[in-house]
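In case you want the letters, here they are:
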Amino acid sequence: MVSTLMITKGRNPLGAVWSQHMELPSGNREIDIAVVLPTFNESENVAEVIARLSAALTGLDWEMIFVDDDSPDGTARIVSGFAQEDRRIRLIQRIGRRGLSSACIEGILATPATCVAVMDADLQHDERILPRMLQNLRGEGLDIVVATRNSDGGSMSGFSEGRQFLSRLGRRISRFVFRCELTDPMSGFFVVRRSFFLEVVRELHGGGFKILLDILATSRRPVRLGEVGYHFRNRIYGESKLDVSVAVEYLFLVLSKLTGGAIPTRFVVFALVGTIGLIVNLSCLSVLFIKFHLGFSASQAWATLAAMTGNFFLNNQITYRDRRLHGIYMLLGLLSFWLACSFGAWANVSVAGNLLRSGVPWWVAGFAGTVLSAVWNYSISNLFTWQMPQPQRASDDAVAENALPSAKPTAPPGW
Ligand code: GDD
Ligand code: MN
C-alpha cells in the first residue's frame, strides 16, 4: 500500500506559486474486520489482548481501535507504543470523558470497515469466535451477530450467584421492555454491520454500559440477528467497572427507550423518586400521628420534611449523579430544594382546592395538583439546585458519563 503526495509547482488564480496533486493509493485493501476495544485501566491486559486477537484474526485484514478514557494507569501510553509499531493498531484517547457505550460508539465511527466488532479488552471475551461471528454476519446477511453466554454452548459458570442473578434479571427486563428475543442482550461482545449502525447512531442514548441493547432498542426496523456461544472468562488482571451505577444507567436506558424521548428521562426518574417520597411521607405521618400521638399538622410537617430530605439525597445520588453536589454545595442544595418543594406543595394544595371548588371531581383535582407540583419541583431544582457552579472533583469523573451530544435538547447531558 503506497500513498504518494506529489507537490508540483504551478500558478494558482491568486498568483501564488504552488499547486498540489495527490495521487490516491492504488490497490487499497478493504479491512475485513475492525475490533473496537474500550479501555479503562487495562494496562496489564493490552499486550495480551493484542497478541490473542492477532492470532485469532490470522488471514484476515483487521484493525484494532482502542478507545481509552485517559486511564490513570497509563493504558493509552502502552497502546500508543504498539500503534507505533503496527499501524493496524489505533488509539482514540478521550480526555475528561467516561462511558463504555459512548467509547464504543466513537470507536465504531472511527473506522471505515464494513464489519465492526466490539469487545472488552480484559480477556474475558473469547476472541477465537470472532471469525465465526464475521462469517455468519457476512454469509447470512445479518445486521448484528452477538456473542452469547447463554446458548449455543456459551456459559458464565464460575461467576458469583449474584452476578448471574443480575444478568438474568437484566435479560428479563429487556425481554419484557424491548421484546428482545436474544439469549444475551446484555452482552458487550458483538459484530455489527457499519451500515446498520449508521442507521441508528443518531438516536442512540449513548449512556451507560449496554450499547448492544441501546442499538437494538433504537432500530426502527426488525434487526437481522445471529448468535454465537462462548464461555465468559474470569478476569485475571485489573478490575471490573461494573457497580451499582451500572444498574442505574440501565434504568435510565430502559426509561429513555420506553418514553421514546418524549419525556426527559431525568424527569421520569425524578417522578419515581417523588413516589418514594410519598411513601416516606405517609409512613412518617402514621408513626408520628398514630404511634406518638403528635398533633396532625406537626406530624405532617415533620413527615414532609423527612420526605423532602430523603428525596434530595436520592436525587443527588441517582437523578443528578452526573452533577452530584458535595460538601457546602450539598447543604445549599438541600436548602434550595426544601424551598422549591415547599412552594410546590403549597401550589399543589391551592390549585387542587380551587379545581375542586369549581366542580372538578376530587381525583382529577388531586392529580392535577400533584402533576403541577412535580413539574414545578423538577424545573426549579433542575434550574437552580443542581446547577450550582461547584468546582469539579476528581472523584466526579466516575459519574460524569459523557456521551455523544444528544439530538434531543430536553435530554440531560450524557443521555
Ligand atoms: N473507554 C472506557 N470508558 N472503557 C471502559 C469504561 C469507560 O468508562 N468502563 C469500562 N470500560 C472497559 C473496560 O476497560 C473493559 O475493557 C470493558 O469496558 C468492560 O468493562 P468491565 O468493567 O470489565 O465490565 P464487565 O466485565 O463487568 O462487563 C462487561 O461484560 C459483560 C458481558 O459481556 C461489559 O461489556 C458488559 O456490558 C457486558 O454485559
Ligand atoms: Mn470485564
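Here the residue numbers are simple positions, counted from 1 along each chain's written sequence. Written order decides the labels, with chains lettered from A and ligands numbered from 1. Thresholds applied to this predicted model are a pLDDT of at least 70 for local features of residues and 80 or more for the giving and counting of side-chain atom pairs; totals over whole chains, interfaces and linings are not thresholded and use all residues.

Trainee: Quick question: what am I supposed to make of the overall build of the protein here?
Mentor: Strands here mean DSSP runs of E at least two residues long; helices mean DSSP runs of H or I at least four residues long; both are numbered from the N terminus. Across its full length, the protein carries 12 helices and 9 strands. Buried, partly exposed and exposed are defined by the number of other C-beta atoms within 10 Å of a residue's own C-beta, namely 20 or more, between the two limits, and 12 or fewer respectively, with C-beta atoms placed from the backbone. Across the 415 residues in the protein, those meeting the buried criterion constitute 36%. Long-range pairs, those at least 24 residues apart, make up 75% of the contacts in the protein with a sequence separation of at least 6. By the criterion used throughout, residues are in contact when their C-beta atoms, derived from the backbone, lie within 7 Å.

Trainee: Can you walk me through the nonpolar core in this structure?
Mentor: Ranked by size, the top nonpolar core spans 68 residues in total, and within it Ile-33, Val-35, Val-36, Phe-190 and Val-191 carry the most contacts. At 6 residues, the largest contribution of residues to this core is made by helix 7 (residues 211-218). Where each domain starts and ends follows an automatic or database-derived domain assignment. Composition of this core by domain shows at least three residues from each of domain 1 (5-240) and domain 2 (265-387). Listed in part, the 9 residues of the second largest apolar core include Leu-285, Ala-307, Met-308 and Ala-340. Note on terminology: a nonpolar core is a set of buried residues of type Ala, Val, Leu, Ile, Met, Phe, Trp, Tyr or Cys, with members joined through C-beta atoms within 7 Å.

Trainee: Quick question: what am I supposed to make of the site of ligand 1 here?
Mentor: Looking at ligand 1, there are 24 residues lining it, with Pro-38, Ala-103, Gly-188, Lys-241 and Leu-242 nearest. Secondary structure elements with two or more residues in the shell around ligand 1: strand 3 (33-39), strand 4 (62-68) and helix 3 (100-109). When residues are grouped by polarity, Ala, Val, Leu, Ile, Met, Phe, Trp, Tyr, Cys and Pro land in nonpolar, Asp, Glu, Lys and Arg in charged, and all others, Gly among them, in polar. Here the shell around ligand 1 is composed, by residue class, of 10 nonpolar, 6 polar and 8 charged. As used in this record, a residue near a molecule or strand is one whose C-beta atom, placed from the backbone, is within 6 Å of it.

Trainee: Looking at this structure, I do not really get the environment of Ala-76. What am I missing?
Mentor: Mapped onto the elements, Ala-76 comes out in helix 2 (residues 75-85). With 10 residues separating them along the chain, Ala-76 and Phe-66 place their C-alpha atoms 8.3 Å apart. Once you skip the residues sitting within four places of it in the chain, Ala-76 turns out to touch Asp-68, Asp-70, Ser-71, Leu-91 and Gln-93.

Trainee: Hey, could you run me through the sheet that holds strand 3 in this one?
Mentor: Paired through backbone hydrogen bonds, the strands of a sheet run either parallel or antiparallel to each other. As summarised here, the arrangement of the 7 strands in space is 5-4-3-6-8-7-9, forming an open sheet in which the pairing is mixed. Looking at which strands have only one partner, the edges of the open sheet turn out to be strand 5 (89-93) and strand 9 (225-229). This sheet shows a mean twist of 20° between the axes of neighbouring strands, independent of strand direction. A pair of strands is labelled paired if DSSP reports no fewer than 2 bridges between them. When strand 7 (residues 144-148) meets strand 8 (residues 190-193), the two strands line up antiparallel, connected through 3 bridges. Bridge pairing in strand 8 links Ile-144 to Val-192. Axis definition: a line fitted to C-alpha atoms, limited for helices to the stretch in contact. Angles are taken between N-to-C directions and run from 0 to 180 degrees.

Trainee: Would you take a moment to explain the environment of Arg-88 for this structure?
Mentor: Tracing the sequence through the fold places Arg-88 in the loop between helix 2 and strand 5. Here Arg-88 falls in the partly exposed class, since 18 other C-beta atoms lie within 10 Å of it. The spacing of Arg-88 and Glu-63 is 25 residues in sequence and 4.6 Å in space, taken between C-alpha atoms.

Trainee: What is the right way to read the confidence of the model for the protein from this model?
Mentor: Close inspection of predicted coordinates is inappropriate for parts of the model with low pLDDT. On average, the protein scores 83 in pLDDT, and the residues at 70 or more come to 86%. As a per-residue measure, pLDDT reflects the predictor's confidence and takes values from 0 up to 100. Contacts for the low-pLDDT stretch residues 1-21, under 50 throughout, to residues beyond four places or in other chains number 19 contacts. Segment residues 394-415 is flagged for pLDDT under 50; beyond a separation of four residues in sequence, or across chains, it makes 49 contacts in the model.

Trainee: Sorry if this is basic, but what is going on with unusual backbone geometry here?
Mentor: The bulk of non-glycine residues show a negative phi, and the bulk of peptide bonds are trans. The phi dihedral of Asn-41 is positive, around 55°, even though this residue is not glycine. Asn-41 gets classed as partly exposed once you count the C-beta atoms within 10 Å, which come to 18. Backbone geometry at His-293 places phi at a positive 50°, although glycine is not the residue there. Locating His-293 in the fold gives a position in the loop between helix 9 (265-291) and helix 10 (296-319). We classify His-293 as exposed; it has 8 C-beta atoms within 10 Å.

Trainee: I tried to follow helix 1 (residues 46-56) on my own but got confused; where do I start?
Mentor: In an α-helix, one full turn covers 3.6 residues, which means residues spaced three or four apart are oriented alike. Among all positions in helix 1, only Val-46, Val-49, Ile-50 and Leu-53 are buried. Axial view of helix 1: buried residues confined to an arc of 100°, hence all on one face. Exposed side of helix 1, more than 90 degrees from the buried face: Ala-51 and Ala-55 are the residues found there. Close packing links the buried residues of helix 1 with strand 3, strand 4, helix 2 and strand 5. Picture the helix axis, draw a direction to every C-beta atom, and the arc is the one those directions span.

Trainee: What should I look at first to understand the pairing of strand 7 in this one?
Mentor: Two faces belong to every sheet, and in a regular strand the side chains alternate between them. Across the 5 residues that make up strand 7, a large majority, 5, are buried. Side chains Ile-144, Val-146 and Thr-148 of strand 7 all project onto a buried face; the interleaved residues Val-145 and Ala-147 project onto the opposite face, where all are buried too. The pairing of strand 7 with strand 9 spans 5 bridges and is classified as parallel. Bridge pairing in strand 9 links Val-146 to Glu-227.

Trainee: Any chance you could explain the packing of helix 11 (residues 327-357) against helix 12 (residues 362-383) here in plain terms?
Mentor: Their axes nearest at 8 Å, the elements helix 11 and helix 12 cross at an angle of 155°. As the angle between them shows, helix 11 and helix 12 are arranged roughly antiparallel. Crossing of helix 11 over helix 12 shows right-handed handedness. Contact residues: Phe-337, Ala-340, Cys-341, Gly-344, Ala-345, Ala-347, Asn-348, Val-349, Val-351, Ala-352, Leu-355 and Leu-356 in helix 11; Trp-362, Ala-365, Gly-366, Ala-368, Gly-369, Thr-370, Leu-372, Ser-373, Trp-376, Asn-377, Ile-380 and Ser-381 in helix 12. Looking at the contact of helix 11 with helix 12 residue by residue, the class counts come to 16 nonpolar, 8 polar and no charged. These descriptions rest on fixed angle ranges, namely under 35 degrees for roughly parallel, over 145 for roughly antiparallel, 65 to 115 for roughly perpendicular, and the rest for oblique. Crossing handedness is defined as follows: a turn of the near helix away from the far one that is anticlockwise and smaller than a right angle gives a left-handed crossing, while the clockwise case is right-handed.

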